[in-house]
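Spelled out, the chains give:
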Amino acid sequence: MQRHFLSEKETEELLEKIKEKYNVNLSPQKVEIGKEKKEVYYFLDGVLSFFSQDLIPTLCAIYKFNISFPSVKVDEGAVRAVLKGADLFVPGIKEYNCNCKPGDIIAVTTMEGKAIAVMKVLISKEDAEKEKKGKFSKNLHYLGDEIWKMCK
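Rules used throughout
Residues numbered from 1 in each chain as written. Predicted model: local features only at pLDDT ≥ 70, side-chain atom pairs only at ≥ 80, totals over all residues. Heavy atoms only, no water. Helix = DSSP H or I, 4+ residues; strand = E, 2+ residues; numbered from the N terminus. Buried < 20%, exposed > 50% of the residue type's maximum accessible area, 1.4 Å probe, protein only. Domains from an automatic or database assignment. Contact = heavy atoms within 4.5 Å. Buried area = accessible area lost by both parts, 1.4 Å probe. Salt bridge = Lys/Arg side-chain N within 4 Å of Asp/Glu carboxyl O. Polar contact = N/O pair within 3.5 Å; in protein donor to acceptor, adjacent residues only side chain to side chain. Pairing = 2+ DSSP bridges.

Colleague: What should I look at first to understand the environment of Leu88 in this one?
Modeller: Its place among the elements puts Leu88 in strand β7 (residues 88-89). A relative accessible area of 1% means that Leu88 is categorised as buried.

Colleague: Looking at this structure, I do not really get the domain arrangement of the protein. What am I missing?
Modeller: One widely used convention gives an interface's size as the accessible area the parts lose upon coming together. What the domain assignment lists for the protein is domain 1 (3-65) and domain 2 (71-150). Here the C-alpha centre of domain 2 lies 22 Å away from the C-alpha centre of domain 1. Across the contact, 11 residues belong to domain 1 and 13 residues belong to domain 2. Surface buried jointly by domain 1 and domain 2 totals about 1100 Å² across both partners, of which 82% is contributed by carbon and sulfur atoms. The three residues of domain 1 that bury the most area against domain 2 are Phe51, Leu59 and Tyr63, which together make up 46% of that side's buried surface. Between the two partners, domain 1 and domain 2, sit 0 salt bridges. In this assembly, domain 1 and domain 2 are joined by 2 residue pairs in polar contact (both at pLDDT 80 or more).

Colleague: Would you mind showing me how to read the pattern of salt bridges here?
Modeller: By the definition in use, this model includes 7 salt bridges. One salt bridge connects Lys135 with Asp87, and the closest N-O pair in it is separated by 2.9 Å. Of the two residues, Lys135 is situated in strand β11 (residues 135-142) and Asp87 in the loop between α3 (76-82) and β7; the sequence distance between them amounts to 48 residues. Residue Lys135 is classed as partly exposed on the basis of its relative accessible area, which comes to 35%. A salt bridge links Asp127 to Lys130; the nearest nitrogen and oxygen atoms lie 3.9 Å apart. Placement of both Asp127 and Lys130 in helix α4 (residues 125-131) is noted, with a separation of 3 residues, approximately one turn of the helix.

Colleague: Help me out: how do you make sense of the sheet that holds strand β3 (residues 39-44) in this one?
Modeller: Strand pairing in a sheet relies on backbone hydrogen bonds, with the paired strands running either antiparallel or parallel. Read from one edge to the other, the open sheet built from 5 strands follows the order β1-β2-β3-β4-β5, with strand pairing classed as antiparallel. Looking at the sheet topology across the chains shown, the edges are occupied by β1 (2-5) and β5 (56-57). Judged from the 4 bridges that link them, β1 and strand β2 (residues 31-36) form a sheet pairing that is antiparallel. What sits directly across from His4, in β2, is Ile33.

Next comes the structure, spelled out in structure tokens:
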């Protein structure tokens, strides 16, 4: 993968987009962009922190920069499935720490609060609570996947 540093102006623009999208203030010393195939990766202080044009956060960034995202806590059965790359279904959710609506990016955590995946919400929290079934979110990144390996 080819990587290069962003200019000060590009860095400011990127950090502003991140702030707008996730309400997170980051102030890394250096920001790099990497491109491989058709994917884009952003490295903050050498840590793979965001990927895709949609600026999807990585678990590495969540841990390193202690970022708190809207999240859902899931049961052990869901943890095992999610860590194999499965999408998240409503019955596996034990607690909502978000006012989730379709398109939102959320963290999926164990009951102890350890982030294990980053997902895109497909149905609203209200619909999920009412229906009590169906696919809640699409798995974008989880512990042990290729993006996680790029972090290490």
